[in-house]
Structures are given as C-alpha cells and as structure tokens.
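Architecture at a glance
Listed below, chain by chain, are the residues.
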Amino acid sequence: MLHLAFSNRFEILLDTLLDRLGEEQPGPFGQRHVVVPSSALRRRVELAVADREGVCANLNFAYLAQWLWARIGDVVDVPERSPFAPALLAWRIHGLLDAAGDDGWLAAHPRLARYLQGADARMRFELAERIARVFDHYLTYRPRWLEQWGAGKGSVLSTATEAERADEAWQAELWRRIRGGLHLRQEHPAASFLRRVSAMSAAELAATGLPRTVHVFALPALPPLYLEMLRELARVVEVRLYVLNPCREYWFEIVDARRLSWLASRQQDMFHETGNRLLAAWGQQTQAHIGLLFEGEREVREEAAFALHPGRHLLARLHNAILDLQELEPGSVTLAERDRSIEVHVCHSRTRELEALHDRLLGLFAGRNPPRPDEILVLTSDLDATAPLIEAVFGTAPAGRRIPWRITGLGGTRENPIAQVLDRLLTLVAGRFPASRVFDLLQQPPVAAHFGLDGAALESVHDWMRAAGMRWGLGDDADEGGNLTDGRAAGAARYTLDEGLHRLYLAWAAGEASSRAAFAGRIGAAAPEGNAALALGRLWRYLQTLRALRDALARPQDAAGWRRTLGEAVDALVGDSVDWADELREVRTAIASLGEAMADGGLMAPVALDVVHPALTALLDDPVRGGVPGGAVTFSALPALRGLPYRVVCVIGLDHGAFPGGERPAEFDLMAARPQRGDRQRRLDDRNLFLDVLLSARDVLHLSCVGRSVRDGSALPPSVLVDELLDTLALACAANPADPESIAAARRRLIVEHPLQPFAADYFLPSPQRDPRLVSYHEEYAAALAARLGVAAAGIATTCAQGAAVDAPQDEGDDEDGEEACADAGVDRPFFTAPLPPPGEEWRTVGLEQLIRFFRNPCRYLLRERIGLDLPEADEELADVESFVPDWPAQQALAQRLLPALLGGSDAAAGEELPAATQLLELARAGGEYPAGALGEGAMLRELVRLRGFAVSVVAAS
C-alpha cells in the first residue's frame, strides 16, 4: 500500500515518522528502511530516533536510487553496483570516445567529430562526464527514448532542428555501443523489474526478500521512473512517503497573474487560477512533484497535518498566507517597530556582509528570548569562495565577541589535510615544480610531521631554499651541459632544486671556506651547520621522494595501476600516522572508489594524470556527502541542509546572477530542449530552494547581498528572487498602497544599508538620518572614535560594551572626561613617558657593527638593542622565476658573496680573460658562482663598479 503523509512543518513530519518507526518491531536482527535525500536529514533523523528510543539502532539509511537498485537486484539478476551510475558510465563513454577514431563510427557524426578532433584527453573526459549526466537524466525521466534508441527504431523527436537531429543521431549510436559493451539484455533492468513485479502474486513478491516497509522521507523531488517503481513495490511493501507541502489547499494548477494572462491569450487558461504569487512563482517543482503522486489509478492512503505559524511578525504572516493560498493584501500588514523578522542587508562586499551578519547575531543573542547557536543557520550560494572570509571575520573575533561556529559541507580538498596533500602533489607533478609550491607542500602538517620537520626547521629550510637560488625543477631533467631536455634555455639547470642542494651541502661540508673559493664551479650557500644537517638531510629525502613520485605519476596507467600508485603516493608523503587515521581512511576510500569506477566502467587503455586528477578531486569533493549540522552556528551551501527548520536562517551572497545560478544545460541535452512536467530544471530548482529556505525560518530571515559598488558606491541589483520578495512585502506593508512613495518607504523599511567600512561613524554617532538598526559591537572602533572626538571637540562617553552607539556630548562640563578618554586611548601621548635608565658599562665600548646598525636605522636600533622590542618581519617569498636583471637584494647578496674572496687577496691567473658583465650577472642569478682565481682583487672591484656600482656601499662598509 502507498501511504502519503503531508505537512507544511518538518517537525510534524518527523514526529509522524518516529511514530511509524516505533510501531515496527523488526527484532534484534531486523532493519527498518529509511530513504533520505541528504546526510543532513539522515543526521537529524538519527538524533531524533536516539532521543525517543534511547539509541538509534536497526535503521538502514539509503538514498533512493541506491535503495531501488538493491530492490531490483532482489528480483532481477544485476550487478551489485548499477553500471548506469554516472561515475561508471563516464569512464565507459571515455573509452568509447578514445576508440571512436579506430572504429570509424564518428564519420557519420561530424558534429561530434569536430569537437573530438581538437580535444585532448582531459577535454574528452569532461565531455564524457557531461554525456553520462545527460544519459542519467534520460534513464530516470525519458526511459522510453533509450528503449527506442537501443532497438534502433529511429528518432524520438517529432519536430527538431538540424542540430538536434545530429545530436540525437550520435547519442543513439553511443547508447547502442554502451549497451553492447555491457552485454545486457535489450530491456533496462528497471523495466524488467517493473514487468516481473507486475506479473508476480503477493506470495511470489514476499518470497523475493523485499522489506515489509520503507519510509521515504522529505524528498524534494521524485522522478517518474522511481515513483512508478515505488507504486509497483507498494503491492507487497508498505511504502510510506513523507512530503513537505507548503500549502493545505489545492494549488496544483495555480500560476502567477502574468502567466495566466499569457495562457488566456492562447486560450489555454482552463483549470488554471491565481493564488499566492510567491508560491506560484517559486514552487513549481514542488507543485509538479506532489501532482505526480496523485496520478495513476493506484490506491493511495493520504493523511495530512498542517499547522499555522504561531507568531505575529511579518515572517509568520507570510508563512500563513502561503499555507492558506492567500495573497498578502496591499496595506494589510502594519510592521511593529521591533519587527525585524525579514530584512535585506545591502553591503559593499562579501566581507562586509559577514561583518554585518556578525553584529546582527550578537544583537540577537543580546535580545529577548535569544536563540542558541545551534538554532542559527547561515547559507551561501558559493561556500568554497566564502569559507576563507568566514574564517577571517568569525574566526578572528576577540573573546568578548566570539560566536561558536563551524563550516559544513566543504569538499575534501578543503577540509581533509590528507586530501589537500594529495591534490597539491598531483598539481605539482603536472607542472614544473616551482620552489614556492614545493615548499608549500612540505609545510603541510601531515607532510612536515612525516619528514620530521618542526616549525623552526621549516623556517631554516625556507631560508636555505631562498639563499641557494632554488627556483624550479627537480634538476634531473637537464643534461650535462645545463640544457633542459624539453628545449628550455641553457643554464636553467643552475636554478633547480637539485643544484640548490649541491650548494647547501657544499656550505655544510666546507664551512666558511665554501664562500671564499669555488669548488667544482659552485659556491656554498646559507652555511647550514651543526644539527641543521638533520633538517638538510630531511629536505634531501623529501626531494628524492618527489622525484620518485613524479616518475610514477607521469606514466599513463590502467585502473589497478592508478589505485596502487596513488596509494603509494599517500604512503610516501604522509605515512600511516594515527593522528590522521580518519582522514587517511577517507582518502584511501576515494582512491579505491576511483579504481573500482574505472574497472567497472570497462576502462582498458591506460589514462594519463590529467584525466585521473579531476576524477579523483570530484570524488574527494563529492557533494552527495553534503553538510551535517553541529552544535554551533552552521555555515553551509544552500542545498546541503535543505528542508531543515531553524529559528534564524541567514542567506548571504544573494547577488544578481549569483543566485539563481546561471549554469546552463549541455547544448546536446535533448531533455532540456523538450521539457515536461516534473523534470528537474536548474532554474526551477533554485527558485524552489529559495522557497524552502524561506519556509524553514521560524523567527528571523536575514538576507544579504553586495548591493553597492566598492569603487564608487553605485547601486547594484540583488537577486531577482530578493526583488520579488521585496515587491510583495512592500506592497503589503505600505501605509497607502496607491502611493508609490509609500510603497518605496515600506521597501526601505525592509532594507538595511550598511556603510563601506565597519568603523564608519554611522554605527556609533546618532543623527536624524542614521538608521537605528545600524549597530556595531566593536568596542575598539567606538573607543577610537570617542578619543578622536574628545580631542577635537568635547568629551564623549561610550557604552559599546553593551552594544549601544556612542552618545553625543551634552555640555561643556564633559571636557575633562574627554581628555581622560583621550589619555586612555593613547592619542597624542609620547612613546616614552619617562627617560630611559642610563646604559650599562657594556655600552661604553662601541664597535663598528653597532655604529653601522645605528646609522642605518636609529629607531630600529633603539627599540631592538635598548628596549628589546624586535618586531617580526614577513618572510620573503620564494621566487619561482629567475630574474633577468638583478634587483637590489640580489645585487647585495652577490656583493656579500664575492667580497670575502676579493678582500682575501686572490689574484688573477696569468693570461686569463676578464669575464663579461653579462657572465657575472648570470653568476649572480645562479647563486653567486664564479671561477676560482679568475680575477685579481682590483680587477674584480673595477668590474663590480662597472656593473652599476651595486657593491660600492658594501665595499665602503667593509
């Protein structure tokens, strides 16, 4: 029997599910089957079951496609894993596209042949992935097309353009080759399942081992093929669907007013009517999903439990209007002064959006009936790009303003340290090993720990690499004459990591002597000594490991070879530390899944790294995992936590063009060219997602966008969905709906315009034009503003600790308070309030080095030598490209290298020629090498002076 449970509230559906699960008694070895759309809903159900039953046990969670394939396997003999899964199908299509030229079938399809003619291996694999996704949609939404293509019955399109005919022809041929390679029967396993189940009696169905009950919980959409399979299973299995329905009225034929007018002009408006405009515009996907549930002639048992929102604020009014299929009448809502349940915050950048959100949340925590951190959800349309900004704003707040937060749903290459190491290694191998990226990989915590390098050792390695002139390349790709084997400039081998290691080892072995004379054409660099040799040896071992991994990863391999090589790469760089056990298990699982997908996809020919790398990255960043809410303010991507209710829901990044997304279907997607009711379309899916977000907020809906240009402050449009929401609410909240100015005022009431900077005076100083909703909790900014105004005019008192704005001065008697505030803030106070104590006896003897350091920078000398205040300087970045003209630091470095030898009194050998200026500059870029005894002291000094005099200051100082 097919049971349908409807509600507009997630909490009601969850209670219904828990009641039905409690009624089942599967025994200690039985299982209760629950189908969920995401890992977030699975986690919420697990916690709810554990809370009610004491423990979450005997529950089998699965996604619908996986669960149905397992049920097909109970009736039809099929592989354990569906060969039509996009991950497997992509590799099979990739192999067919690679062999298309040999088979000769491309000659009949010039449209596809033209693309493949200029495509490399990675482009062919990307095309294969897109074709696999399109075929996956055909399998679930257009299975009859594939049946006709497999039977060779010709075109499935009644009317089509020439390009669509051409695309259909090569897709039909490709599908026939896929079916032939799988050695399956002409009929799809799902069709065989439906046919066999329809012919079985109840006893035969029960003998197949199908479960007694399955609960399908809160799916946002259900493809027709899956629904048909569930209906057939309902003959012997209790199939219970729990569906979120935002409206308790019959709303499956409603359209917005403009759509109804267009249909009326074509005389197609029969049975259509208008209702709530937002529900009609945004709920089309849910509308089609629920409508399909009532199609057909199967018996359906239905139960519904709807509930009005108990609040009286604007958000509650909007929820109830959607529930009752009513429009918010113009002028029907009078906003209370404290009603901030729906607001749109306009900022100048994404960082300012997060800063405004931080202050908004602090205000909610300080208000009446504050929410808990785990009752707040923050959604963004681009989580990967926003994650670093979240860390910068929420992660750096001082203790007094700190809010517990976490980001969920990031890909493995962003969250998993081992996945980051593997991803950076594969990127490094595909390039020319620039020094900065080589060191970046080394300083990753798992790699540094594996090679035994702590923070101090890493700083030494960084300094050594810079001093030794390491730029790029491992070094063994150059011939004996210094010419790179791939045709790059002669002498480039001087800048490789291998050459840099030679200089470092020379300096360690020969000590200071290596900087006074050349050995085998080299001069030592950085002078590592003592225990530093341990770090030097570990650097050598790391570079040797990279060399071995490069040779292994650069070779094309088959599925088994890549599974073995990638596993060895993880072992070589990270090892098997228990500190990273969970992360290692996740990465090794992804590697194993990649190897299985390649093997099960029938891949026979070896493939290169540029094909394997994006495939592995996609597995590590698999969006199916989604996000899981935690016990803090949760940041997540928009679809990850879809349907879950929260007291406060915040959506940032609602810019024009960012959401709804501008992603278009593939140009060869015939289903997108011939849409039908119930199809999943990105445009409709994003609109329905925004409706779900609006309905999941219980108390506050905080929306924000970049609505002002950071350059000139000009207005930028928000998302079209935000505009539609504001249009509806402004008309309902206007005092006089017939007056455009009144509507504009109501719209401004729903929008909060933020200044360009977080320290703007509008946040702290009251004025008639200031929006009272602009509140900052930055005590530092308030104190600085108070101190500045106290100096310039009169005293000013702050109550920023309580989150209030800075009060304006009241009378002249407050001047003394202003001076005290100025003193407390340190404005115009001298750096030294008292003379320094007399210097000790050690200062009575001044050396030359002390004088040089003092006259170079007196302030730095005073702070460092007398006070002991040494401000750290940022480390110089490693250069990846050798410079053609030496800059000032390089000139000084060369002078410091050459002058010890020159001042040591070396003479030129008789008859030897003076090196040219360009040769000396080349030596400077190569780390300061010069032929031993090539110049006398005077000749070398004259040559250095001629080269723009870059050593004159050092000579004078010496």
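For the structure, see preceding data.
This is a predicted model, so every value here is computed, not measured.

**A short note on the overall build of the protein**
Per the secondary structure count, the protein includes 40 helices and 13 strands. Summarising the internal contacts of the protein: among those between residues at least 6 apart in sequence, 75% fall at separations of at least 24. Total accessible area computed for the protein in this model is approximately 46,600 Å², and 52% of it derives from carbon and sulfur atoms.

**Quick look at the pattern of salt bridges**
Within this structure, the stated rule accounts for 50 salt bridges. One salt bridge connects R52 with D15, and the closest N-O pair in it is separated by 4.0 Å. Taken together, the positions of R52 in helix α2 (residues 39–53) and D15 in helix α1 (residues 10–23) put the pair 37 residues apart, joining distant regions of the chain. Exposure remark for R52: the relative accessible area of 43% places this residue in the partly exposed category. Here R547 and D498 are joined by a salt bridge, their closest N and O atoms 3.9 Å apart. Here D498 lies in helix α24 (residues 497–510) and R547 lies in helix α25 (residues 532–553), a separation of 49 residues in the sequence.

**Considering the environment of E596**
With respect to the helices and strands, E596 occurs in helix α27 (residues 581–600). When its relative accessible area of 37% is taken as the criterion, E596 is described as partly exposed. Along the primary structure E596 and L88 are separated by 508 residues, whereas in three dimensions their C-alpha atoms are 8.6 Å apart. Those residues in contact with E596 that sit more than four places away from it in its chain are R81, R563 and G601.

**Quick notes on the nonpolar core**
Judged by nonpolar contacts, the single largest core of 111 residues is most densely connected at F217 and L241. In terms of residue count, the dominant contributor to this core is helix α31 (residues 720–733) (8 residues). Setting aside residues no more than four positions away along its own chain, F217 makes contact with F10, L13, L14, L17, V35, V36, P37, L41, V45 and Y242.

**Overview of the sheet that holds strand β13 (residues 751–753)**
Strands sit in the order β9-β10-β8-β11-β12-β7-β13 across an open sheet of 7 strands; the sheet is parallel. Each having just a single partner strand, β9 (405–407) and β13 make up the two edges of the open sheet. Taking the axes of each pair of neighbouring strands and ignoring which way they run, one obtains an average angle of 20° across the sheet. Relative to strand β11 (residues 646–652), strand β8 (residues 376–380) runs parallel, the two sharing 5 bridges. Each bridged residue has a counterpart across the sheet, and for T380 the counterpart in β11 is I652. Along the sheet, helix α17 (residues 350–366) makes contact with β7 (342–347), β8, β10 (633–637), β11 and β12 (697–706), crossing β12 at roughly 155°. The sheet contacts of helix α18 (residues 383–394) involve β8, β9, β10 and β11, and relative to β9 the element is tilted by about 160°.

**Quick notes on the pairing of strand β1 (residues 2–7)**
Of all the 6 residues making up β1, 6 are buried; the element is thus mostly covered by neighbouring parts of the structure. The alternating pattern of β1 places L2, L4 and F6 and H3, A5 and S7 on opposite faces, both of which are buried. Relative to strand β6 (residues 300–304), β1 is paired through 5 bridges, and the arrangement is parallel. Bridge pairing links A5 to E303 in β6. Sheet topology places β1 next to strand β5 (residues 238–244); 6 bridges connect them, and they run parallel.

**Considerations on the sheet that holds strand β2 (residues 32–35)**
The 6 strands lie next to each other as β3-β2-β4-β5-β1-β6, forming an open sheet whose pairing is parallel. Each having just a single partner strand, β3 (59–62) and β6 make up the two edges of the open sheet. Averaged over all adjacent pairs, the angle separating strand axes in this sheet is 20°, with direction ignored. Against the sheet, α2 makes contact with β2, β3 and β4 (213–217), and its axis sits at roughly 165° relative to β3, the strand it touches most.

**Considering the environment of E204**
In this fold, E204 is placed in helix α11 (residues 202–207). In this structure the C-alpha to C-alpha distance between E204 and V236, which are 32 residues apart in sequence, comes to 9.6 Å. At 3.0 Å, the side chain of E204 forms a polar contact with the backbone nitrogen of S201.

**Structural notes on the packing of aromatic side chains**
Throughout the structure, instances matching the rule amount to 24 aromatic pairs. A ring pair is formed by Y138 and W149, whose centres lie 5.7 Å apart and whose planes are at 75°; its orientation type is edge-to-face. Taken together, the residues Y138 in helix α7 (residues 121–141) and W149 in helix α8 (residues 143–151) connect sequence positions 11 residues apart. Classification of Y138 by relative accessible area gives buried; the value is 0%. When the ring of F451 is compared with that of Y542, the centres are 5.5 Å apart and the planes differ by 80°; the resulting orientation is edge-to-face. Of this pair, F451 sits in the loop between α22 (445–450) and α23 (455–467) while Y542 is found in helix α25, placing the two residues 91 residues apart along the sequence. Judged by its relative accessible area of 0%, Y542 is buried. Directly above the aromatic system of W472 lies the positively charged group of R432, at a separation of 4.0 Å from the ring centroid. Its end group placed over the ring of W843, R866 keeps NZ or CZ at 5.8 Å from the ring centre.

Cut-offs and rules
- Residues numbered from 1 in each chain as written.
- Predicted model: local features only at pLDDT ≥ 70, side-chain atom pairs only at ≥ 80, totals over all residues.
- Heavy atoms only, no water.
- Helix = DSSP H or I, 4+ residues; strand = E, 2+ residues; numbered from the N terminus.
- Contact = heavy atoms within 4.5 Å.
- Areas by Shrake-Rupley, 256 points an atom, 1.4 Å probe, with all protein chains shown as cover.
- Salt bridge = Lys/Arg side-chain N within 4 Å of Asp/Glu carboxyl O.
- Buried < 20%, exposed > 50% of the residue type's maximum accessible area, 1.4 Å probe, protein only.
- Core = buried A, V, L, I, M, F, W, Y, C linked by side-chain atoms within 4.5 Å.
- Pairing = 2+ DSSP bridges.
- Axes fitted to C-alpha atoms, helices over the stretch in contact; angles between N-to-C directions.
- Polar contact = N/O pair within 3.5 Å; in protein donor to acceptor, adjacent residues only side chain to side chain.
- Phe/Tyr/Trp six-rings, centres within 6.5 Å; stacked < 30°, edge-to-face > 60°.
- Lys NZ or Arg CZ within 6 Å of the ring centre and 35° of its normal.

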